Amino acid sequence: MPLARYMLMNKNTPVFSFDYDLDGHKAVRICEVVNPEAAPFGLADRHGSVSKRELNYWWRHRAIPASRAQVRRLLENLHLESTLELAEKSFGLSLSDRYWLNDASDPKTWDAINFFDNDFTDDLGFLTLGQDSAGSSPDAPDYARMSLSSPNSTLGGDLLKKWKIIDGRRVLLKAGVGLANQEPYNEVVATELHRRLMEPGEFVPYWLFEDGRRTYSACGNMLGPDEELVAAWDVVRNAKRPNNLSELQFYVRRCEDVGLDGNEVVTALAKMFVGDFVLANRDRHYRNFGLIRNVETLSVTRLAPVFDTGSCLWSDAELLEVPGDFLYRAKPFKAQGMKPADQVRLFEGHFGWLDMSTLADFPEAVQAILSKNPNIPEHRIAAVVGGVRRNLDALDRIAR
């Protein structure tokens, strides 16, 4: 069993060293814990102990998920066995935080290798966005010579996506599903709604971007200098919820425990879930909202802006002809999901910020944006707009 000795780093701070099985792509032993407080959020327990099991859980979720479309094609093109092997080749670097693996036998420095400051090629991104699936392309990389040093090796989620450097800026491009390719347009619709509900900085703005033969959604990196994204799941997963607290109350309590104002947290969550209700977002979950932490001070400074709302507007429904086609289960804060209206009612008493008059023209904005997509027929757009109008009416009744 070939082993490597890695030091998990948080930017320039060594966290702990461990032995890593290069064949099994997993940690086999924690060696020396140096700065447990700088570990990924929730990885170390309250005594500062780090387990091999927790480390491997974190590492598995750092790789491209096996559930992503065309992942087998990606691995075959690169002659790799696992997406974890791909993450290894980029030191485990990401554009969502500052963690990386430093090899004791060939040590590097953060300044020399990080992707926030150093350029990376579009070679791997071409594959992770599925741009090779339409056949030969003059932009296709030479698989034998392509660079695998890229933040796209640790990019999560099931939709095809990639980071791309555009005019010096790190921009995330995401594809839609199937021929309709509705999800990128949904992100732009969500941006129009969030502008009506929220202040700048409380949401990530998206726009449409042409890259090759397809239209994608695009957004900039939400992180400022020395910041990392902490998923809500990592905020709650290793803490025991008291029986007297609902899942929502427990999450708010955990945010208060790390220094955030509980009332501000509830208001921000209310804005996000009101937006999700209007848009019929079926895929809000504990991994696509959360907190922002400063990696130097290790202080949680703010809530993460709202992002990743593309799986909405009934984009997964084959037809929108009967009421049942518009139904879905809302997540979180209940194990098996809940009716979307019940989720919004969790925030009753916290709608003082909501001005329904700002949403009066929103259905027209939905129609205008979706009409830019040549793959969505007019009758479907009309059905979506009708569904949005019904959701706005229902929101008005709940908020009253």
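See above for the structure.
Residues numbered from 1 in each chain as written. Predicted model: local features only at pLDDT ≥ 70, side-chain atom pairs only at ≥ 80, totals over all residues. Heavy atoms only, no water.

Let us now look at the overall build of the protein. Counting its regular elements, the protein contains 12 helices and 11 strands. Its C-alpha radius of gyration of 22 Å places the protein within 12% of the 21 Å reference for a compact globule of 400 residues. Sorting the 400 residues of the protein into buried and exposed places 54% on the buried side. When contacts within the protein are restricted to residue pairs at least 6 apart in sequence, long-range pairs at least 24 apart make up 64% of them. Summing over all exposed atoms, the protein offers an accessible surface of approximately 18,600 Å²; the carbon and sulfur share of this is 48%. Taking the average place of the 48 positive charges on the side chains of the protein and the average place of its 56 negative ones, the gap between the two points comes to 4 Å. (Helix = DSSP H or I, 4+ residues; strand = E, 2+ residues; numbered from the N terminus. Rg over C-alpha atoms; globule rule 2.2 N^0.38 Å. Buried < 20%, exposed > 50% of the residue type's maximum accessible area, 1.4 Å probe, protein only. Contact = heavy atoms within 4.5 Å. Areas by Shrake-Rupley, 256 points an atom, 1.4 Å probe, with all protein chains shown as cover. Lys, Arg positive; Asp, Glu negative; His and termini not counted. Charge placed at Lys NZ, Arg CZ, Asp CG, Glu CD.)

To continue, consider the packing of helix H9 (residues 262–279) against helix H12 (residues 378–399). Direction vectors running N to C along H9 and H12 enclose 140°, while the axes themselves pass 8 Å from each other. Put simply, H9 runs oblique to H12. Here H9 contributes Val274, Phe277 and Val278 to the contact with H12, which in turn contributes Val388, Asn391, Leu392, Ala394 and Leu395. Of the residues belonging to the contact of H9 with H12, the class tally is 7 nonpolar, 1 polar and no charged. (Axes fitted to C-alpha atoms, helices over the stretch in contact; angles between N-to-C directions. Parallel < 35°, antiparallel > 145°, perpendicular 65-115°, else oblique. Nonpolar A, V, L, I, M, F, W, Y, C, P; charged D, E, K, R; others polar.)

Moving on, we get to the layout of surface pockets. Taken as a whole, the largest pocket spans an internal volume of roughly 1,300 Å³. In terms of lining residues, the largest pocket is bounded by 50 residues, among which Ser96, Gly156, Gly157, Leu229 and Arg287 are the most central. Looking at the lining of the largest pocket, the elements that each hand over two or more residues are helix H1 (52–60), strand E5 (161–166), strand E6 (169–174), strand E8 (214–220) and strand E9 (227–231). (1 Å grid on protein atoms, 1.4 Å probe; cavity = no way out; pocket = protein on both sides within 12 Å on 5 of 7 lines; lining within 4 Å. Points joined across faces, edges and corners; volume = space filled by probe spheres on them.)

Below, the discussion takes up the packing of aromatic side chains. If you walk through the whole model with that rule in mind, you get 18 aromatic pairs. Taken together, a centroid distance of 6.2 Å and an interplanar angle of 80° make the contact between Phe273 and Phe289 edge-to-face. Residue Phe273 is located in helix H9, and its partner Phe289 is located in the loop between H9 and strand E10 (290–294); the two are separated by 16 residues in the primary sequence. Summarising the burial analysis for this pair, Phe273 and Phe289 share the class buried. In this structure an aromatic cluster arises from ring pairing among Tyr6, Phe16, Phe18, Tyr20, Trp58, Trp59 and Tyr99. Arg98 extends its terminal NZ or CZ atom over the ring of Phe116, reaching a point 3.6 Å from the ring centre. Between the NZ or CZ atom of Arg390 and the centre of the ring of Phe326, over which it lies, the distance is 4.7 Å. (Phe/Tyr/Trp six-rings, centres within 6.5 Å; stacked < 30°, edge-to-face > 60°. Lys NZ or Arg CZ within 6 Å of the ring centre and 35° of its normal.)

If you trace the backbone, Asn281 turns up in the loop between H9 and E10. A distance of 3.1 Å separates a polar side-chain atom of Asn281 from the backbone nitrogen of Asp283. Apart from the residues lying within four places of it in its own chain, the contact partners of Asn281 are Asp276, Asp308, Thr309, Ser311, Cys312 and Tyr328. (Polar contact = N/O pair within 3.5 Å; in protein donor to acceptor, adjacent residues only side chain to side chain.)

This next bit is on the pairing of E9. The buried count for E9 comes to 4 of 5 residues, which makes it a mostly enclosed element. Summarising the sheet, E9 and E10 pair through 5 bridges and their orientation is antiparallel. By the bridge assignment, Leu229 is partnered in E10 with Ile292. (Pairing = 2+ DSSP bridges.)

Next up on the list: the pattern of salt bridges. If you walk through the whole model with that rule in mind, you get 29 salt bridges. Note that Glu202 and Lys271 form a salt bridge whose closest N and O atoms lie 3.2 Å from each other. Here Glu202, found in the loop between helix H6 (183–197) and strand E7 (207–211), pairs with Lys271, found in helix H9; they are 69 residues apart in sequence, far enough to count as distant. In this structure Glu202 comes out as partly exposed when scored by relative accessible area, which is 30%. Between Arg400 and Asp396 there is a salt bridge, and its shortest N-O distance comes to 3.2 Å. Judged by its relative accessible area of 23%, Asp396 falls in the partly exposed class. (Salt bridge = Lys/Arg side-chain N within 4 Å of Asp/Glu carboxyl O.)

Turning next to the sheet that holds strand E4 (residues 99–103). Taken together, 4 strands build an open sheet; the order of strands is E3-E2-E1-E4 and the sheet is antiparallel. Only two strands of the sheet have a single neighbouring strand rather than two, namely strand E3 (26–33) and E4. Along the sheet, successive strands turn relative to each other by an average axial angle of 35°, direction set aside. In the sheet, strand E2 (residues 13–21) pairs with E3 via 6 bridges, with the strands oriented antiparallel. Along E3, the bridge assignment pairs Ser17 with Glu32.

Another point: unusual backbone geometry. For the bond from Pro332 to Phe333, the omega torsion is 20°, close enough to zero to count as cis. For Phe333, the location among the structural elements is in the loop between strand E11 (300–303) and helix H10 (340–345). Non-glycine residue Trp314 carries a positive phi angle of around 55°. Mapped onto the elements of the fold, Trp314 is located in the loop between E11 and H10.

Pairing is antiparallel across the open sheet formed by 3 strands, whose spatial order is E9-E10-E11. Looking at strand neighbours, the two that pair on one side only are E9 and E11, the edges of this open sheet. On average, adjacent strands in this sheet sit at an angle of 30° to one another, irrespective of strand direction.

Turning to helix H8 (residues 247–257), its buried residues are Leu248, Phe250, Tyr251, Val252, Arg254 and Cys255. Looking at the packing, one finds that the buried side of H8 touches helix H7 (232–236), H9 and E10. Following H8 by one or two positions, Gly259 has its phi on the positive side, about 105°.

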